Amino acid sequence: MSATDPQWFIFFAASIPSSPLRPLPAAAAAAAGGAARVDSPELSSVRTRRAEKMWYLCVFYHRLLDYRRPEVQSLAELFGGPGAGDAVEWRMPENHHVDSPFHLVRLPGDERLAAQIANRSLLVKGIYELWGQGTTYEELEEAVMAYPEERKLPYLTPDSTFKIVVDSFGKVISFQEQNDIMKSLTYIPFKGRVNLKKPDHKFFVMETDDYGCNNGLPPVAQRTVFFGREVGAADRHLLPTYQLKSRKYIGPTAMDAEMAFLMANQGLAWPGKLVYDPFVGTGSILVAAAHFGAMTMGADIDIRVVRDGRGPDCNIWSNFEQYKLPEPLCVLRADNNVPPWRPGLKEVFDAIICDPPYGVRAGGRKSGGRKLIKGTVAPYTVPDEKRDSHIPSTAPYSLAECVHDLLHLAARMLVMGGRLVFFFPVVREDGVANPAKYPEHPCFKLVASCEQILSMRYSRVLLTMVKVGPYTEEVKKAAEERHREFRENHHKWMEEGNLHSAVFSPADQAADGKPAIDRDSKPKYRGKYV
Amino acid sequence: MRLLTHNMLASNARGAVTGYPLKLQVVKWSTKEAEPNPEFLRGMLPKIDWPALVAATQSLGLPELLPEAAPTDAELSAEGAAADEGSALRRLHRALLEIHIEEGTLVCPDTDRCFPISRGVPNMLLHEDEVRN
């Protein structure tokens, strides 16, 4: 994308004249290749006039429903510059539930931005220029015929190649039916040659059925047929490459590859950026960030995990080697409660992305032995002759303190505009997560909260926060004050943050002896469970 | 452990005043080539404590590697800097990213507490009686 591109200026010159211009990655350029030929001056001026009104059809995979829009917005921010994420507008096609895979999106940029977003995303199946939609094929024909010729003809030229794909959601269309549908498109004057392997332009006919409320699928009141030209599509090939089952070194809480990539997208991982994970474990989050070109750093309190792994060929370093990624800048053993950064060091990381230990599958640990905490026995002193070989015991780390330390660390160590992305567990009350309980910090603005339901009892929510306020002396003082409070009332905090008992204690019995949670009452439609 | 990490770390044991810079006692170090990333280095430069970095290279026996004064942003962005072996950019790249301390010790300047570096991983964890209250 060059600064002289007229469209670029129209969208951004007014608000952010010095926004960093990002190069078009090779993959995006290749995928957007079909669009490249229409970038002649007269056509791009046509598009500029229309671009403002351009709503794309954004089709998602039917997974991680809560994560889909925030991912697109984060990628808009990444490729479109500061503020672009907030400028993304959404609406639903008529009669579509918000959990439907079909969304309409208006992006603060031209078609190349749409292609860049789609190509890097995990959850966008494709972004399409919508030529028409209808509840029947007759209505579709009418709509496509009414779509402006100057938008259609550049993609139908005799020297181009094309392909038509018939796709469906919630129903199966037989091969014969697909053929019939394609043949019915005679009202579109395709002049080019068909190329199924590497077409210049891909056209999609997508159909949803008029099922009401079907098992696992969002309720759609009316059958809808869409016809559109593909602008960009996700590359999910990287998921089989990075899947955990073929990774050499994993631990019990290694982050699933798809989720790790989503987290890296939320953290805007990019070449030249520095991403830090204070609970690095086997490095599964940093692997995803490194795949997108970011420099990485990680720390963990357990030296066996970060240094030893399972041997010389099975450790954090081998995970990066396996995918031919640059190894982390540093991996160190340190405690998030007592971070070892030098005085005065701040604003170093562009993103902190992590999955803090919250005590359901793995509990947090921090420095300080048990004897120090009980307080009834005199604090333990390591004898001088044993200092070198001493293995320090650690104390349990309450979730509240862990999150407080994380926010404080992020406030200090993130650059302005940097992102903190982390999972936060939420006990579900009456089947919903309560947003009022998400942690807050004066330096941060919450930009996305994406729930993933893990059980009847609890969810984890991926929080994405942007640093909007500077790390001042007051912020530092307040944090130190709170730090002392955690230390003095350790037991109270351990009790309060005890998610384990909330998740695993036996279900409450109602008066009639039936369990409070009735498993049969679980609705068939699973929404965020997907 | 790269010298970039050394530049960022401090001792936070009880009794340490600033705990910085940590004295570097090296038993074994090596050089691993890395892809130069000028953009990253330019962003990192203002965060680097230059005297501490120079002292670290000197303790490795590389007094010629870095000049007394930190390079300017203009020097790092100079044309051809990435290709020129002796340029300020390449020297900084080598110092920060290509030198790896495999085995050694980081010593707190205030308390003489030793933090071991083994197999490239510095162990900054405190003993239970060293945590500040």
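Residues numbered from 1 in each chain as written. Chains lettered and ligands numbered in written order. Predicted model: local features only at pLDDT ≥ 70, side-chain atom pairs only at ≥ 80, totals over all residues. Heavy atoms only, no water.

Under the annotation held in an unreviewed UniProt entry, chain B carries the name Multifunctional methyltransferase subunit TRM112-like protein and is attributed to Oryza punctata. Quoted verbatim from the Subunit (unreviewed entry) heading of the UniProt record, the comment on chain B is "Interacts with TRM9." UniProt annotates chain B under Sequence similarities (unreviewed entry) with the comment "Belongs to the TRM112 family." (UniProt positions renumbered as here; feature names shortened; annotations may be inferred.)

The name an unreviewed UniProt entry gives chain A is tRNA (guanine(10)-N(2))-methyltransferase, with Oryza punctata as the organism. The heading Subcellular location (unreviewed entry) in the UniProt record of chain A holds the text "Cytoplasm". The UniProt entry for chain A carries the following comment under Sequence similarities (unreviewed entry): "Belongs to the class I-like SAM-binding methyltransferase superfamily. TRM11 methyltransferase family."

Engineer: So what's going on with the sheet that holds strand β1 (residues 23–31) of chain B? Which residues, and what values?
Structural biologist: Strand pairing in a sheet takes place through backbone hydrogen bonds and is either antiparallel or parallel in direction. Residues and elements named next belong to chain B. Sheet architecture is open: four strands sit in the order β1-β2-β3-β4, paired in antiparallel fashion. Each of the sheet's edge strands pairs with one partner strand only, and the pair in question is β1 and β4 (121–122). Bridging between β1 and strand β2 (residues 99–107) involves eight bridges; their strand directions are antiparallel. Bridge assignment links Thr-31 to a residue of β2, and that residue is Ile-99. The strands touched by helix α5 (residues 88–98) within the sheet are β1 and β2, with β2 carrying the most contacts at an inclination of about 60°. (Pairing = 2+ DSSP bridges. Helix = DSSP H or I, 4+ residues; strand = E, 2+ residues; numbered from the N terminus. Contact = heavy atoms within 4.5 Å. Axes fitted to C-alpha atoms, helices over the stretch in contact; angles between N-to-C directions.)

Engineer: Outline the domain arrangement of chain A, supporting the account with residue identities and numerical values.
Structural biologist: All names here are of chain A. According to the domain assignment, chain A consists of domain 1 (55–235) and domain 2 (239–379 + 390–503). Here the C-alpha centre of domain 2 lies 37 Å away from the C-alpha centre of domain 1. In this complex, domain 1 contributes 16 residues to the contact, which on the side of domain 2 involves 22 residues. The largest contributions to the domain 1 side of the interface with domain 2 come from Tyr-67, Arg-120 and Leu-122, which together make up 42% of the buried area. Viewed at the interface, domain 2 and domain 1 are joined by two salt bridges. We note a salt bridge from Glu-258 to Arg-63, for which the minimum N-O separation is 2.5 Å. Here domain 1 is connected to domain 2 by eight residue pairs in polar contact (both at pLDDT 80 or more). The element that contributes the greatest number of residues to the side of domain 1 that touches domain 2 is helix α5 (residues 68–80), accounting for seven residues. Classifying every residue of the side of domain 1 that touches domain 2 gives eight nonpolar, two polar and six charged. (Domains from an automatic or database assignment. Buried area = accessible area lost by both parts, 1.4 Å probe. Salt bridge = Lys/Arg side-chain N within 4 Å of Asp/Glu carboxyl O. Polar contact = N/O pair within 3.5 Å; in protein donor to acceptor, adjacent residues only side chain to side chain. Nonpolar A, V, L, I, M, F, W, Y, C, P; charged D, E, K, R; others polar.)

Engineer: Help me get a handle on the interface of chain A and chain B, residues and values and all.
Structural biologist: The partner chain B presents 36 residues to the 44 residues of chain A that form the contact. Between chain A and chain B lies a buried interface of about 3400 Å² when both sides are counted; carbon and sulfur atoms form 60% of it. Per-residue buried area on chain A facing chain B is highest for A:Arg307, A:Leu329 and A:Arg342; these three make up 19% of the total on that side. Close ionic contact of B:Arg119 with A:Asp308 constitutes a salt bridge, the shortest N to O distance being 3.4 Å. Where chain A meets chain B, there are 16 residue pairs in polar contact (both at pLDDT 80 or more). Those elements that provide at least two residues to the side of chain A that touches chain B are β10 (295–300), α14 (303–308) and β11 (330–333) of chain A. Here the residues of the side of chain A that touches chain B are counted per class, giving 26 nonpolar, eight polar and 10 charged.

Engineer: Describe the pattern of salt bridges, with residues and values.
Structural biologist: One pass over the full model with this rule turns up 24 salt bridges over all chains. One salt bridge connects A:Arg106 with A:Glu89, and the closest N-O pair in it is separated by 3.2 Å. Of the two residues, A:Arg106 is situated in strand β3 (residues 102–106) and A:Glu89 in strand β2 (residues 89–91); the sequence distance between them amounts to 17 residues. In this structure, A:Glu327 engages B:Arg2 in a salt bridge whose closest nitrogen and oxygen atoms are separated by 3.8 Å. Of this pair, A:Glu327 sits in the loop between α15 (316–322) and β11 while B:Arg2 is found in the segment before α1 (3–8), placing the two residues in two different chains. What emerges from the salt-bridge pattern is a single network uniting A:Glu111, A:Glu129, A:Arg151 and A:Arg229.

Engineer: Give a description of helix α18 (residues 473–488) of chain A that names residues and reports values.
Structural biologist: All names here are of chain A. Taking 1.5 Å per residue, 16 residues should reach 22 Å; α18 reaches 23 Å between its end C-alpha atoms and fits that length. For α18, every residue scored as buried is listed here: Val-475, Ala-479, Phe-486 and Arg-487. One face of α18 carries all of its buried residues, which in axial projection span an arc of 110°. Residues of α18 that are exposed and point more than 90 degrees away from the buried face comprise Glu-474, Lys-477 and Glu-488. (Expected span 1.5 Å × (residues − 1). Buried < 20%, exposed > 50% of the residue type's maximum accessible area, 1.4 Å probe, protein only. Arc of directions from axis to C-beta.)

Engineer: So, the pairing of strand β12 (residues 349–354) of chain A: which residues are in play, and what are the values?
Structural biologist: All names here are of chain A. Of all six residues in β12, five are buried; the element is thus mostly enclosed. Across two bridges, strand β9 (residues 274–277) lies against β12 in parallel orientation. In the sheet register, Tyr-276 faces β12, and the bridge partner there is Ile-352. In this structure, β12 lies alongside strand β15 (residues 414–427), joined through five bridges in parallel fashion. Across the sheet, residue Ile-352 finds its bridge partner in β15, namely Leu-420.

Engineer: Could you give me a rundown of the packing of aromatic side chains, with the residues and numbers involved?
Structural biologist: For the structure shown, the criterion picks out 20 aromatic pairs over all chains. An angle of 10° between the planes, with centres 4.5 Å apart, marks the rings of A:Tyr276 and A:Phe349 as stacked. Note that A:Tyr276 is positioned in strand β9 and A:Phe349 in strand β12, a separation of 73 residues in sequence. For the pair A:Tyr276 and A:Phe349, a shared accessibility class is recorded, and that class is buried. Within the aromatic cluster, the residues linked to one another by ring pairs are A:Trp131, A:Tyr147, A:Tyr155, A:Phe162, A:Phe190, A:Phe203 and A:Phe227. Positioned over the ring face of A:Tyr61 is A:Arg236, at 4.6 Å from the centre of the ring. Directly above the aromatic system of B:Phe115 lies the positively charged group of B:Arg113, at a separation of 4.6 Å from the ring centroid. (Phe/Tyr/Trp six-rings, centres within 6.5 Å; stacked < 30°, edge-to-face > 60°. Lys NZ or Arg CZ within 6 Å of the ring centre and 35° of its normal.)

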